[in-house]
Amino acid sequence: MAGRAHKYGDHIDTDIIIAARYLVTADADELAQHCMEDGDAEFAKRVRPGDYIVAGENFGCGSSREHAPIAIKASGIACVVAKSFARIFCRNSINIGLPILICPEAVDGTAMGDELEVALAAGRVRNVTRDREFQAQPFPAFMLEIVEAGGLIPFTRARLQKAGARE
Amino acid sequence: MPGMTLTEKILAAHAGRERVVPGEFVLAKVDLVLGNDVTAPIAIREFESIGVDTVFAKDRIALVQSHYVPNKDIKSAEQAKVMREFARRHQIDLFWEVGRAGVDHAILPQEGLVVPGDAVVGADSHTCTYGALGCFSTGIGSTDLAAAMATGECWLMVPKTLRFVLTGQRRPYVSGKDIILYIIGMIGVDGALYRSMEYTGSAVADLEMHDRFTIANMAIEAGAKNGVFAADAKTRAYCDGRAKREPVYLEADADAEYEKVYEIDVSQIGLQVAFPHLPENARPVGEARGIRIDQVFIGSCTNGWIEDLRVAAEILRGRQVHGDVRAIVIPPTREIYQQALREGLLEVFVEAGAAVGPPTCGPCLGGHMGVLAAGEKAVATSNRNFVGRMGHKDSAVYLAGPAVAAASAVAGEIASPEDL
Ligand code: SF4
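Residues numbered from 1 in each chain as written. Chains lettered and ligands numbered in written order. Predicted model: local features only at pLDDT ≥ 70, side-chain atom pairs only at ≥ 80, totals over all residues. Heavy atoms only, no water.

Colleague: Could you give an account of the sheet that holds strand 12 (residues 272–274) of chain B, naming the residues involved and the relevant values?
Modeller: Residue and element names in this part refer to chain B. Reading across the sheet, the 7 strands line up as 13-12-18-17-14-15-16 and stay open at both edges, with mixed pairing between neighbours. Sheet topology places strand 13 (282–284) and strand 16 (355–356) at the edges, where each strand pairs with a single neighbour. Both strand 17 (residues 377–380) and strand 18 (residues 396–400) contribute to a ladder of 4 bridges, which runs parallel. Counted as the bridge partner of Val379 is Tyr398 from strand 18. (Pairing = 2+ DSSP bridges. Helix = DSSP H or I, 4+ residues; strand = E, 2+ residues; numbered from the N terminus.)

So, in structure tokens, the structure goes:
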């Protein structure tokens, strides 16, 4: 399914993704209303389910707050495509079930508002607007399993329900 | 096929695999899981949503009251309560009440709860400290902690490894802190992003355990996943009579593949100071000489070891803390506190006019017991000097080892022991 790209630069930190003043709530939908607020005040109004965030290097740097990927996921973003991710943001995204892909070429080849299609398992990013296709590292099967389960907690619940998983 | 690095070997062993290669994802069994008073309460809520009745092993989960000990306000008291009640409900063995509590990363090695060959994860970024013992240890998030408490497993990406070959003789007073600040100054705060930092070379044998803890502790300050030293005679001596489990002594294969090798002659490294507001702003102490300061903090999981307190006491003995400076000394654990008491070090600090606090992280994260006001400058033996780390966003932190910290307390400005 196609979605539009919301394009940003390098070093988008977790304070931009969700400002500390909103950390008093753990409600995902409320967080979504303030997602990207300090970097792109229009984002929350513009975003539609199935859209993509496309960003430069070190996306999600700064504080390790899990609220950041939660806010992005609750905004309806289908996948974040970046040149690189900060380590803890990367972990947190997988753990809460937000797909991410590293693909510098796709980032350089995409402008704000372009239509994209992302095939996660194959690691393919297609820019429909420009009729170009980019190959990212395929999303590891193991991570796909966690993301498809809805995150690490549902994934763990399912595994433990399988008899013997806990030995 | 090339051999494996130390980190790859430990991860392979815990993933039940013959071998692993960088970039691979593994579900590793972990030997110990750590949470503290800041991160455990969130993880406990998540744990409860998994819907299991029990934790994976009540003797493999450490819940440490580290940051606000004793509690500084109602919020920290509530957090401690959540953790305390969870520990009681699940009969978790590794929970310490105030009086026995203290800084997580100092308590676990001291109590022999982390041993060579282990894989350890903790919801605290400085969990990488235990790499000093020849184990794999790294920081994770609260959701990870919740899942690990339920399963005893954690998903990990096998990191590429950077090798640091240390040679040469250290100069007087140069400690692990100076070496790691120098390295971070050289490679930058993202110089080891996602990577493992493996230390080897002739100078490593001369590094004491506390120096190695300090170096491994700050791996995260270079963006690394972990820092690791293969266990040697000193590690074995440290573990003797301490280790609660059988250590597994591993080392890297001679033909292991490294992404990059750095050769460092430690005789070239002098005392270091990292200027605000990043650990990578490390410079020789001479360039900081004369900067007036308001506070000195000696403690934390980086440089609160008994050896660090000895160095500080040696400098403060018979001298006085400068009249314009607040000096705060905090032994990170009860054992270190008692040892310092027995050796008369605490007396030296109090005599010199320093305040000695009970084991806690305290001022390291601007938590309590020494928070900075706007415009104030501090020298701290901790590991982070980010904007606002020790208090107001307009305060500034200079990171250094215990020798520079103690000398600066006396001088009232940043100084090295030779300046006194
Ligand atoms: S002493 Fe400082 S760095 Fe260490 S665990 Fe405590 S707050 Fe974190």
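Colleague: Could you give an account of the domain arrangement of chain B, with specific residues and numbers?
Modeller: Residues and elements named next belong to chain B. Splitting chain B by domain gives domain 1 (6–264) and domain 2 (273–419). Each of domain 1 and domain 2 has a C-alpha centre, and the two are 24 Å apart. Every contact between the two is made by 35 residues of domain 1 and, on the other side, 40 residues of domain 2. In this assembly, domain 1 packs against domain 2 so that about 2,900 Å² is buried in total across both faces, 62% of it on carbon and sulfur atoms. Our count for the contact surface shared by domain 1 and domain 2 stands at 2 salt bridges. Measuring nitrogen to oxygen at the nearest pair gives 3.8 Å for the salt bridge that ties Arg242 to Glu335. Here domain 1 and domain 2 share 21 residue pairs in polar contact (both at pLDDT 80 or more) between them. (Domains from an automatic or database assignment. Contact = heavy atoms within 4.5 Å. Buried area = accessible area lost by both parts, 1.4 Å probe. Salt bridge = Lys/Arg side-chain N within 4 Å of Asp/Glu carboxyl O. Polar contact = N/O pair within 3.5 Å; in protein donor to acceptor, adjacent residues only side chain to side chain.)

Colleague: I'd love a proper account of the pairing of strand 9 (residues 196–200) of chain B, names of residues and values included.
Modeller: Residue and element names in this part refer to chain B. Among the 5 residues that make up strand 9, 4 are buried, leaving the element largely enclosed by the rest of the structure. One ladder, built from 5 bridges, connects strand 8 (residues 161–167) with strand 9; its direction is parallel. Its bridge partner being in strand 9, Leu162 is matched across the sheet by Met197. Between strand 8 and its parallel partner strand 9, the chain crosses via helix 6 (residues 176–187), and the hand of that crossover is right-handed. As judged from the 4 bridges shared by strand 9 and strand 10 (residues 226–229), these two strands associate in the parallel manner. From the neighbouring strand, Tyr199 faces strand 10, where its bridge partner is Phe229. In terms of handedness, the path from strand 9 via helix 7 (residues 209–217) over to strand 10 forms a crossover that is right-handed. (Buried < 20%, exposed > 50% of the residue type's maximum accessible area, 1.4 Å probe, protein only. Right-handed = clockwise from strand over helix to strand, strands pointing away.)

Colleague: Outline the site of the ligand, listing residues and values.
Modeller: Residue and element names in this part refer to chain B. Neighbouring the ligand are His67, Val103, Asp104, His105, His126, Ser300, Cys301, Cys361, Cys364, Leu365, Asn383 and Arg389. Of the residues assigned to the shell around the ligand, the class counts are 5 nonpolar, 5 polar and 2 charged. Counting contributing residues per domain, the shell around the ligand is built from domain 1 (6–264) and domain 2 (273–419), each supplying no fewer than three. (Near = heavy atom within 4 Å. Nonpolar A, V, L, I, M, F, W, Y, C, P; charged D, E, K, R; others polar.)

Colleague: Describe in detail the interface of chain A and chain B, supporting the description with residues and values.
Modeller: The partner chain B presents 27 residues to the 20 residues of chain A that form the contact. For the pairing of chain A and chain B, the buried interface totals around 2,300 Å² over both sides, and the portion due to carbon and sulfur atoms is 60%. Connecting chain A to chain B are 2 salt bridges. Between Arg159(A) and Glu153(B) there is a salt bridge, with its nearest N and O atoms 2.8 Å apart. For the pair chain A and chain B, the interface holds 12 residue pairs in polar contact (both at pLDDT 80 or more).

Colleague: I'd love a proper account of the sheet that holds strand 10 of chain B, names of residues and values included.
Modeller: Residues and elements named next belong to chain B. Spatial ordering of the open sheet is given by 10-9-8-11, a layout of 4 strands whose pairing is parallel. Of all the strands in the sheet, just strand 10 and strand 11 (260–265) have a single pairing partner and so form its edges. In this sheet, neighbouring strand axes are inclined to one another by 20 degrees on average, regardless of whether the strands run parallel or antiparallel. Packing against the sheet, helix 6 makes contact with strand 8, strand 9 and strand 11, and its axis sits at approximately 130 degrees to strand 11. (Axes fitted to C-alpha atoms, helices over the stretch in contact; angles between N-to-C directions.)

Colleague: Which residues make up unusual backbone geometry, and what values go with them?
Modeller: For the bond running from Val69(B) to Pro70(B), omega is -20 degrees, close enough to zero to count as cis. Following the sequence through the fold, Pro70(B) ends up in the loop between strand 3 (61–64) and helix 3 (74–89). Here the amide bond leading from Pro276(B) into His277(B) is cis, since omega sits at -5 degrees, within 30 degrees of zero. Looking at the secondary structure, you find His277(B) in the loop between strand 12 and strand 13. The phi torsion at Asn58(A) lies on the positive side, around 60 degrees, for a residue other than glycine. Examined against the element boundaries, Asn58(A) turns out to sit in the loop between strand 2 (52–55) and helix 4 (67–74).

Colleague: Tell me what's going on with the pattern of salt bridges, and back it up with residues and numbers.
Modeller: Tallied over the full model, the rule gives 36 salt bridges over all chains. The partner of Arg126(A) in a salt bridge is Glu117(A), with the nearest N and O atoms 4.0 Å apart. According to the relative accessible area criterion, Glu117(A) is partly exposed, its value standing at 31%. Residue Arg17(B) is joined to Glu24(B) by a salt bridge in which the shortest nitrogen-to-oxygen separation is 2.1 Å.

Colleague: Help me get a handle on the pairing of strand 14 (residues 295–298) of chain B, residues and values and all.
Modeller: Residue and element names in this part refer to chain B. Because side chains alternate across strand 14, one face comprises the buried residues Gln295 and Phe297, and the other comprises Val296 and Ile298, equally buried. For strand 14 and strand 15 (residues 326–329), the ladder comprises 4 bridges, and the chain directions are parallel. Each residue of the ladder has a partner; that of Val296, found in strand 15, is Ala327. Both strand 14 and strand 17 contribute to a ladder of 3 bridges, which runs parallel. Bridging across to strand 17, Gln295 finds its partner in Ala378.

Colleague: Explain helix 5 (residues 87–96) of chain A to me, and be specific about the residues and the numbers.
Modeller: Residues and elements named next belong to chain A. Burial within helix 5 is extensive, with 9 of its 10 residues counted as buried. Listed in full, the buried residues belonging to helix 5 are Arg87, Phe89, Cys90, Arg91, Asn92, Ser93, Ile94, Asn95 and Ile96. Looking one or two residues beyond helix 5, the residue adopting positive phi is Gly97, at roughly 90 degrees.

Colleague: Provide a residue-level description of the packing of helix 2 (residues 40–50) of chain B against helix 3 of chain B, including the pertinent values.
Modeller: Residues and elements named next belong to chain B. Relative orientation of the contacting elements helix 2 and helix 3 amounts to 50 degrees, with a least axis distance of 9 Å. Classified by the angle their axes make, helix 2 and helix 3 are oblique. When the axes of helix 2 and helix 3 are compared, the crossing they make is left-handed. Within the contact between the two elements, helix 2 uses Ala40, Pro41, Ile44, Phe47 and Glu48 and helix 3 uses Gln79, Val82, Met83, Phe86 and Arg89. The residue makeup of the contact of helix 2 with helix 3, split by class, is 7 nonpolar, 1 polar and 2 charged. (Parallel < 35°, antiparallel > 145°, perpendicular 65-115°, else oblique. Left-handed = near helix turned anticlockwise from the far one by under 90°.)

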